[in-house]
Amino acid sequence: MYKYASPKNFYALAGQLIPWLAGLTVLLLAVGLYLGLFVAPPDYQQGESYRIMFIHVPSAWMSLFVYVVMAAAGAAGLAWHTKIAEVLASACAPVGASFTLITLVTGSLWGKPMWGTWWAWDARLTSELILLFLYIGFMALQASIDEPRRAARAAAVLALVGVVNIPIIHFSVEWWNTLHQPASVSKVGTPSIHPSMLVPLLLMALGFKLYFFTVVLMRMRYQILEREKYSHWVAEVLAAEK
Amino acid sequence: MNWSDFIVMGGYGHYVWSAYGFTTVVLALNIVIPLRRRHSVMRTLRRLSRAEAGQAE
């Protein structure tokens, strides 16, 4: 296990994993989209508009998941000075910001026909917007410091402070009376969603998760090369990958 | 269901397809950007290693 924590081995392992992850991602998204767009019946209340759910809900889950990964990696970097953890945190930020943006935009496009408004300053929407600002703040702070190690440490502290927002987003629909509907899937025991809709939703969610691992490894690989540019193994990689 | 029904989406076509379109663009950018950045990092590092090799001689 420990040997993959060395940048050289991690670089090689990631290079082997990426094609498999990418292939699985394509497969899951293809089946999920087919079932979600062609097979699942229209919703009895929302008609066809609910099909936005198949991208909105998985990206909302990912916006939180990626943040937790980013903050945990940042914490590991602070505690053990592991280069891989620092690179992971930095690679997460733009991907997490993208999922957050997708969540907000698809939510808005779903909210307009269902609620009659693009946006409301309700607890769920506002805390998700704050999440976007946290990601952007993380990236801006990191970009503002030249020395990679110091940049990673400063950004990690910001990420850890922002973790407080994660339970707020998750429980906002229970704590406050929000326009946003409560969760349908995670209700303990009996999810109030029919299998014909639940299956594509879960396939899309898994597809988004594998997509995240694919693109985060892609980002990590070139960042590792940059951070390790003076080491011998990078010279070998440069010579080998013509 | 025929194709025109599919596009119209029960009257919600604009919303549904805008959502799917936006998502596709953002997810595609997150593949294109790392590929391009990798390319430029490789090029910069090769230049760097050539410059060092030149200095060593």
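Residues numbered from 1 in each chain as written. Chains lettered and ligands numbered in written order. Predicted model: local features only at pLDDT ≥ 70, side-chain atom pairs only at ≥ 80, totals over all residues.

(A) Focus on the overall build of chain A. In terms of regular secondary structure, chain A is built from eight helices and zero strands. Along chain A, helices and strands appear, N-terminal first, in the series α-α-α-α-α-α-α-α. Counting only C-alpha atoms and orienting by the principal axes, one finds that chain A spans roughly 60 × 35 × 30 Å. A total of 242 residues make up chain A; the buried ones form 42% of that total. The contacts of chain A with a sequence gap of at least 6 include a subset with a gap of at least 24, amounting to 76%. (Helix = DSSP H or I, 4+ residues; strand = E, 2+ residues; numbered from the N terminus. Buried ≥ 20, exposed ≤ 12 C-beta atoms within 10 Å, placed from the backbone. Contact = placed C-beta atoms within 7 Å.)

(B) A look at the overall build of chain B. A tally of regular secondary structure across chain B gives two helices and zero strands. Its C-alpha atoms give chain B a radius of gyration of 23 Å, clearly above 10 Å, the size a compact globule of 57 residues would have. Considering only C-alpha atoms, chain B reaches an extent of 70 × 15 × 10 Å along its principal axes. Expressed as a percentage of the 57 residues in chain B, the buried residues total 16%. (Rg over C-alpha atoms; globule rule 2.2 N^0.38 Å.)

(C) Looking closely at the environment of Leu125 of chain A. Residue and element names in this part refer to chain A. When you line up the elements, Leu125 lands in helix 4 (residues 123–144). Using a count of 21 C-beta atoms within 10 Å as the deciding quantity, one classes Leu125 as buried. With sequence-adjacent residues up to four places away left out, Leu125 is seen in contact with Trp119, Ala120 and His180.

(D) Spatial organisation of the interface of chain A and chain B. At the junction of the two partners, chain A supplies 29 residues and chain B supplies 23 residues. Among the secondary structure elements, those contributing two or more residues to the side of chain A that touches chain B are helix 3 (83–115), helix 7 (195–227) and helix 8 (232–240) of chain A. Ranked by residues supplied to the side of chain A that touches chain B, first place goes to helix 3 of chain A with 10 residues. Split into classes, the residues belonging to the side of chain A that touches chain B amount to 18 nonpolar, four polar and seven charged. (Nonpolar A, V, L, I, M, F, W, Y, C, P; charged D, E, K, R; others polar.)

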